[in-house]
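# Observations on the three-dimensional arrangement
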Amino acid sequence: MAIAKQYLKTKPVCKVTFTVPAEDAKKVAVIGDFNNWSPKASTLKKLKNGTFKGTFDLPKENAYEFKYLVDGEYVNEVEADRYQWNEYAGSENAVLEL
């Protein structure tokens with residue numbers, strides 16, 4: 001898994017690309033507080049090599065809790081900026097700092 005950040009000079013946003021290697025998966029989404037934890041809002045596209053990938057514009061100078069939803073199972077990003085305990089979920093969420 002990987003996260004790539006591209007800060008734009010002309011807009012107060014960062015283009016964030018999420019990459020998830022999951023050859024056997026049918027559906028992968030990135031869910032978090034930036035999209036109200038909605039898998040429909042952030043489905044990643046499956047590439048020919050079996051990797052799922054998607055790019056989203058997120059406002060800069062914020063921190064976002066998120067997870068991947070891989071065929072219905074929650075998975076944390078190993079390269080997250082940090083992790084934060086979420087009382088509602090009863091587990092740690094990955095955190096993206098922009």
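One structure accompanies this document, and this report is about it.

Definitions and cut-offs
Residues numbered from 1 in each chain as written. Predicted model: local features only at pLDDT ≥ 70, side-chain atom pairs only at ≥ 80, totals over all residues. Heavy atoms only, no water. Pairing = 2+ DSSP bridges. Helix = DSSP H or I, 4+ residues; strand = E, 2+ residues; numbered from the N terminus. Phe/Tyr/Trp six-rings, centres within 6.5 Å; stacked < 30°, edge-to-face > 60°. Buried < 20%, exposed > 50% of the residue type's maximum accessible area, 1.4 Å probe, protein only.

Before going further, it helps to spend a moment on the sheet that holds strand 2 (residues 13-21). If you trace the 4 strands from one edge of the open sheet to the other, you get 1-2-5-4, paired in antiparallel fashion. Either end of the sheet is taken by a strand with one partner, and the two such strands are strand 1 (2-7) and strand 4 (45-46). In the sheet, strand 1 pairs with strand 2 via 6 bridges, with the strands oriented antiparallel. Within the sheet, the bridge partner assigned to K5 lies in strand 2 and is V16.

Moving on to the packing of aromatic side chains. Tallied over the entire structure, the rule returns 6 aromatic pairs. Seen from their ring centres, F18 and Y68 are 6.1 Å apart, and the 85 degrees between their planes marks the pair as edge-to-face. Of this pair, F18 sits in strand 2 while Y68 sits in strand 6 (residues 63-70), placing them 50 residues apart in sequence. Judged by relative accessible area, F18 falls into the buried class, the value being 0%. Pairing F34 with Y64 gives two aromatic rings, centres 5.8 Å apart and planes at 85 degrees, and the pair type is edge-to-face. Residue F34 is located in the loop between strand 3 (28-32) and strand 4, and its partner Y64 is located in strand 6; the two are separated by 30 residues in the primary sequence. In this structure, F34 and Y64 share a single accessibility class: buried. Connected via pairs of aromatic rings, a cluster forms that spans F18, F34, F56, Y64, F66 and Y68.

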